[in-house]
Amino acid sequence: MNIPFQIDMAERRTQISLAFAGGVAVVVLWEVIRKWRIHRGVAKKIKWKQEQCKAAFDTVEQDLRKAQVPAEKIAKILDLSFTELQQQLQDGTLKAVDVLHAYQSCAFEANERVNAITEPLLDAEAIAEALDKQTSEKKPLHGIPISLKESFYISGLDCTAGLGHFLQNPKTYDAVLVQVLKGLGAVPFVRTNIPQTMMIYECSNPIYGQTNNPYDLSRVPGGSTGGEGALLGSKASIIGFGSDIGGSIRVPCHFCGCYGLKTTLERLSRKGHISLSKGQTLVSGTVGPMTRDFEGLVFATKAILNDHHFQLDPAVPPIKFQEEIYRSKRPLTIGFYTYDGYIQSVPACERAVMMAKKALEAMGHTVIDFVPPRVTYMVPYLYVRSVQGDGGRIFTSQTEKDIEDPSMKKLLFPSKLPKWMLWVLSWVTQAITKDKVLADAIKARIPVKSVYEWFQHAIRVQDYKDEFLNAWKGKNLDAVICPPFAMTAVPNGKVTEVLGCGGYCWLYNVVNYPAGVLPVTRVTSDDVTNLDKYPSTTTMEKLVKKYSLGSAGLPVGVQCAALPFQEELVLRVMGDIEAGLKMLKK
């Protein structure tokens, strides 16, 4: 007797199921269409930009052919140190145009190998010619070619952070730092490549492609200032400028064998520098110089700390270069470490620090052990929690509107998961990798629930800064030396698997201390052989060991850090390491 009713209920369930399935299909189809439309729109913008860049390259190459600068003259200019180049431009031995042509020629040739340049700056020739015609007193950087990370605003050009949807929105003014450099007589001549979102040590994006390491094309140059690192490492630029929120200046210098300085927050102006995380102020990015030699680093830092800079951006404290700190001969107490408590540095990086230690001791300094406090806590709960406090939404909200670069897929994958799945992923990660810090870093990406929770996090960051300073003062330290990264340049596409190596840099972003990097040595065959003794407890340690095989010949840098607004002391320590190394060689 209930058969008609049962049939009616079965039909209703079937109808409901079909309606639900149809609804899901519509949603899925709509999402596919939405992504296709985004992809098509961004792809068109990218094609337009690539054609624009090619035209700019063609224009400069045509100008170079017309100039017909002899190869011998180019070679002589490129062989000059920064000090020699600056002096010859000042006394008129060299013309700004000839120097520009030499570096353009070298940069374009290097670009064929490493793909470091996003676009040449077409007004460089006019700027150089105007400098050669001027009769007034020459400025400190008169005629010096400057390369710039693509993240600095330049009037009339796009600034993308590697995101195609930011194209066709040219900036209307130069970044403050660019204005300062031009005011000093410098000639910005190329812009250099960055990774998409500028939050990874790879250097790849859908607009400009992948940049490679000049010492090994199968490896990364570092990021996010990877284009600068690759160009400077190719000897195709002499001074560049980049930015750093987690090693973005220091890691490329370490990987590519050049010099760089991450400054204290607001020591240099960030106005006119793109940032996807402006609302996050607990761990902020800073800007700084990168150079081919040490003298250039000091000169560039000194030159840009001027009244013009302070007038353009009143948020920058008017602290000029403190010569008395840099020139002081007072013996220093310097801490050192080769293991931060999380990822042990590989033999080459450990050896580089010990070489720097000996060099500093030869210069009359006291170098003592220093153990940075609770790095295994700082990495997940302070650094990752600060930059990913919104669950990474500030980055995924941008890549969702774009063509996502393959280098970003692994990095942003956890940010696309629901909260409960992050807890599961964290548990599974710890069980498989035996890496509690990595597991905690996944949990740290769960978004904060309230403003109150964010305020409590801010208190924890400040508490750690106080704890770190107490540890520093407890040893009566003036400065610290350590590796910039736990290993040397990583193979392309593998950076996300060894991100924990960056903790050596992240620490000084969290505490907001200035830190510089200088090249000290190269990886030797013995360094590679000694990897047999490297720990292999966690999956990351095994991967560090694996990816360090075949690294002989790669540059190895050392990081130097000092208290906030003590950039001059950082430079003094870097200079003493370099002088001490030369002394020991003799």
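The following refers to the structure shown. Here the residue index of a chain counts from 1 through its sequence in written order. Since the coordinates come from a predicted model, pLDDT governs what is reported: local features require at least 70, and pairs of side-chain atoms require 80 or more to be given and counted, while whole-chain, interface and lining totals use all residues. No hydrogens and no water enter the side-chain calculation; it runs on all heavy atoms of the structure.

## Considering the overall build of the protein
To qualify as a helix, a DSSP run of H or I must reach at least 4 residues; to qualify as a strand, a run of E must reach at least 2; elements of each kind are numbered from the N terminus. Regarding its fold elements, the protein presents 22 helices and 13 strands. In this description the radius of gyration comes from C-alpha coordinates, and the expected globular size is given by 2.2 Å times residues to the power 0.38. The C-alpha radius of gyration computed for the protein amounts to 26 Å, which stays within 12% of the reference 25 Å derived for 586 residues, consistent with globular compactness. With respect to the principal axes defined by its C-alpha atoms, the protein has extents near 110 × 60 × 50 Å. Taking the contacts inside the protein whose residues are at least 6 apart along the sequence as the reference set, 80% of them involve residues at least 24 apart. In the structure as shown, the protein presents an accessible area of about 24,200 Å², 58% of it carried by carbon and sulfur atoms. For the protein, the distance from the average position of its 68 positive side-chain charges to the average position of its 59 negative side-chain charges is 4 Å. Note on contacts: a residue pair qualifies if any of its non-hydrogen atoms lie within 4.5 Å across the two residues. Exposure was quantified through the Shrake-Rupley algorithm and a 1.4 Å probe, taking into account, for residues, occlusion by the shown protein chains and nothing else. Counting rule applied: Lys, Arg positive; Asp, Glu negative; His and chain ends not counted. A single reference atom marks each charge: NZ on Lys, CZ on Arg, CG on Asp, CD on Glu.

## Observations regarding the layout of surface pockets
The rule is simple: put a 1 Å grid over the protein atoms alone, call a set of points where a 1.4 Å probe fits but cannot get out a cavity, call an open set with protein on both sides within 12 Å along at least five of seven lines a pocket, and count a residue as lining if it has an atom within 4 Å of a point. Grid points are joined across faces, edges and corners, and a volume is the space filled by probe spheres set on the points. Estimates place the volume of the largest pocket at around 920 Å³. Looking at the largest pocket, it is lined by 37 residues, and the ones nearest its centre are Leu411, Leu438, Arg445, Thr496 and Leu499. Contributions of two or more residues to the lining of the largest pocket are made by helix H13 (375-387), helix H15 (406-412), helix H16 (419-433), helix H17 (436-443) and helix H21 (539-548). Polar here means any residue outside two lists: the nonpolar Ala, Val, Leu, Ile, Met, Phe, Trp, Tyr, Cys and Pro, and the charged Asp, Glu, Lys and Arg; Gly therefore counts as polar. Of the residues belonging to the lining of the largest pocket, the class tally is 25 nonpolar, nine polar and three charged.

## Quick look at the packing of aromatic side chains
The rule is short: rings of Phe, Tyr and Trp, with Trp giving its six-membered ring, pair when the centres are within 6.5 Å, and they are stacked under 30 degrees, edge-to-face over 60, tilted in between. Across all of its chains, the model carries 19 aromatic pairs by this definition. An angle of 85° between the planes, with centres 5.3 Å apart, marks the rings of Phe255 and Phe485 as edge-to-face. Residue Phe255 is located in helix H8 (residues 250-256), and its partner Phe485 is located in the loop between strand S11 (479-482) and helix H19 (503-510); the two are separated by 230 residues in the primary sequence. Here's how the labels work: a residue is buried when its accessible area is under 20% of the maximum for its type, exposed when over 50%, partly exposed in between, all with a 1.4 Å probe on protein chains only. Classification of Phe255 by relative accessible area gives buried; the value is 0%. In this structure Phe485 comes out as buried when scored by relative accessible area, which is 1%. With a centroid separation of 6.1 Å and 50° between ring planes, the pair formed by Phe468 and Trp472 is classed as tilted. With Phe468 and Trp472 both in helix H18 (residues 451-474) and four residues apart, the pair spans about one turn of that helix. For the pair formed by Phe468 and Trp472, the shared burial category is buried. Among the aromatic residues, those joined into a cluster by ring pairs are Tyr337, Phe370, Tyr464, Phe468, Trp472, Tyr504, Tyr508 and Tyr513. For Lys171, the ring lying beneath its charged end belongs to Tyr153, and the centroid distance is 4.7 Å. We call a charge positioned over a ring when the NZ of a Lys or the CZ of an Arg lies within 6 Å of the ring centre and within 35 degrees of the ring normal. Positioned above the aromatic ring of Tyr377 is the side chain of Arg374, whose terminal nitrogen or guanidinium carbon lies 4.2 Å from the ring centre.

## So, the side chain of His273
Relative to the helices and strands, His273 resides in the loop between strand S7 (259-262) and strand S8 (286-291). The term polar contact refers here to a pair of N or O atoms within 3.5 Å; inside protein, the definition further demands a hydrogen-donor-capable atom paired with an acceptor-capable atom, and it admits residues adjacent in sequence only when both atoms are side-chain atoms. Polar side-chain contacts of His273 include one of 2.8 Å to the side chain of Ser151. Filtering out sequence-adjacent residues up to four positions away, His273 remains in contact with Ser151, Phe152, Tyr153, Met198, Ser243, Lys278 and Val287.

## Describing the packing of H16 against H17
The contact between H16 and H17 brings their axes to 8 Å, and the two run at 170°. The orientation of H16 relative to H17 falls into the category roughly antiparallel. Contact residues: Leu422, Trp423, Leu425, Ser426, Thr429, Gln430 and Thr433 in H16; Lys436, Leu438, Ala439, Asp440, Ile442 and Lys443 in H17. The residue makeup of the contact of H16 with H17, split by class, is six nonpolar, four polar and three charged. Axes here refer to lines fitted to C-alpha atoms; in helices the fit is confined to the stretch in contact. Angles between the N-to-C directions go from 0 to 180 degrees. The labels follow the angle: roughly parallel below 35 degrees, roughly antiparallel above 145, roughly perpendicular from 65 to 115, and oblique for the rest.

## Let's talk about unusual backbone geometry
Residue Ser224 is reached from Gly223 by a cis peptide bond, and omega for that bond is 10°. One can find Ser224 in the loop between strand S5 (209-210) and helix H7 (226-233). For Asn115, which is not glycine, the phi dihedral falls at a positive 55°. Looking at where Asn115 falls in the secondary structure, it is placed in the loop between helix H4 (96-114) and strand S1 (117-120). According to the relative accessible area criterion, Asn115 is partly exposed, its value standing at 23%. Unlike most non-glycine residues, Glu266 shows phi in positive territory, near 75°.

## Some points on the sheet that holds strand S13 (residues 555-562)
Here, any two strands with at least 2 DSSP bridges between them count as paired. Read across the sheet, eleven strands follow the order S1-S3-S2-S6-S8-S7-S12-S13-S11-S9-S10 without closing on themselves; strand pairing throughout is mixed. Looking at which strands have only one partner, the edges of the open sheet turn out to be S1 and strand S10 (366-369). Neighbouring strand axes in the sheet, compared pairwise and without regard to direction, differ in orientation by 30° on average. Pairing geometry for S1 and strand S3 (residues 187-192), over three bridges, is antiparallel. Residue pairing across strands places Glu119 opposite Arg191, the latter belonging to S3. In the packing of H19 onto the sheet, the strands contacted are strand S6 (239-244), S7, S11, strand S12 (515-522) and S13, and the crossing angle to S13 comes to about 25°.

## Digging into the nonpolar core
When a protein is soluble and globular, its nonpolar side chains tend to lie buried together. Buried Ala, Val, Leu, Ile, Met, Phe, Trp, Tyr and Cys residues form a nonpolar core when they are joined through side-chain atoms within 4.5 Å. Counting residues in each nonpolar core, the largest one holds 173 residues, and the members touching the most others are Leu85, Phe241, Ile481, Tyr508 and Ile577. Looking at this core, the element that brings in the most residues is H4, giving eleven residues. Ranked by size, the runner-up nonpolar core spans eight residues in total, among them Val42, Cys53, Leu167 and Tyr208.

## Side note on the pairing of strand S9 (residues 333-336)
Relative to S10, S9 runs parallel, the two being bridged by four bridges. Each bridged residue has a counterpart across the sheet, and for Gly335 the counterpart in S10 is Ile368. For the handedness criterion, the strands are oriented away from the viewer, and a crossover whose path from the first strand over the helix to the second runs clockwise is classed as right-handed. Handedness of the crossover joining S9 and S10 through helix H12 (residues 347-362) is recorded here as right-handed. Bridging between S9 and S11 involves three bridges; their strand directions are parallel. Looking at the pairing, Ile334 lines up with Ala479 of S11.

## Quick notes on a nonpolar patch on the surface
Patch membership requires more than 30% relative accessible area and the absence of a salt bridge. Residues of like charge join within 9 Å; the nonpolar side chains Val, Leu, Ile, Met, Phe, Trp and Tyr join within 5 Å. Here a salt bridge means any side-chain nitrogen of Lys or Arg lying within 4 Å of a carboxyl oxygen belonging to Asp or Glu. Taken together, the side chains of Leu29, Trp30, Ile33 and Trp36 define a hydrophobic patch exposed on the protein surface, amounting to about 460 Å² of accessible area. Relative to the elements of secondary structure, Leu29 occurs in helix H1 (residues 3-67).

## Considerations on the environment of Glu109
Summarising the element assignment, Glu109 is placed in helix H4. We classify Glu109 as exposed; its relative accessible area is 59%. Sequence spacing of Glu109 and Pro447 is 338 residues, and the spatial spacing of their C-alpha atoms is 46 Å.

## A look at the environment of Pro406
Note that Pro406 resides in helix H15. Accessibility expressed as a relative area gives 61% for Pro406, which makes it exposed. As for Pro406 and His457, which are separated by 51 residues in sequence, their C-alpha atoms are 32 Å apart.

## Here we look at H12
The span expected for a helix works out to 1.5 Å for each residue beyond the first. A rise of 1.5 Å per residue sets the reference length of H12, with its 16 residues, at 22 Å; its end C-alpha atoms lie 22 Å apart and thus fit the reference within 8%. When we look at burial in H12, the residues that qualify are Pro347, Ala348, Cys349, Ala352, Val353, Ala356, Lys357, Ala359 and Leu360. Positive phi appears at Gly364, one or two residues downstream of H12, with a value of about 95°.

Geometric values such as these leave the question of function open.
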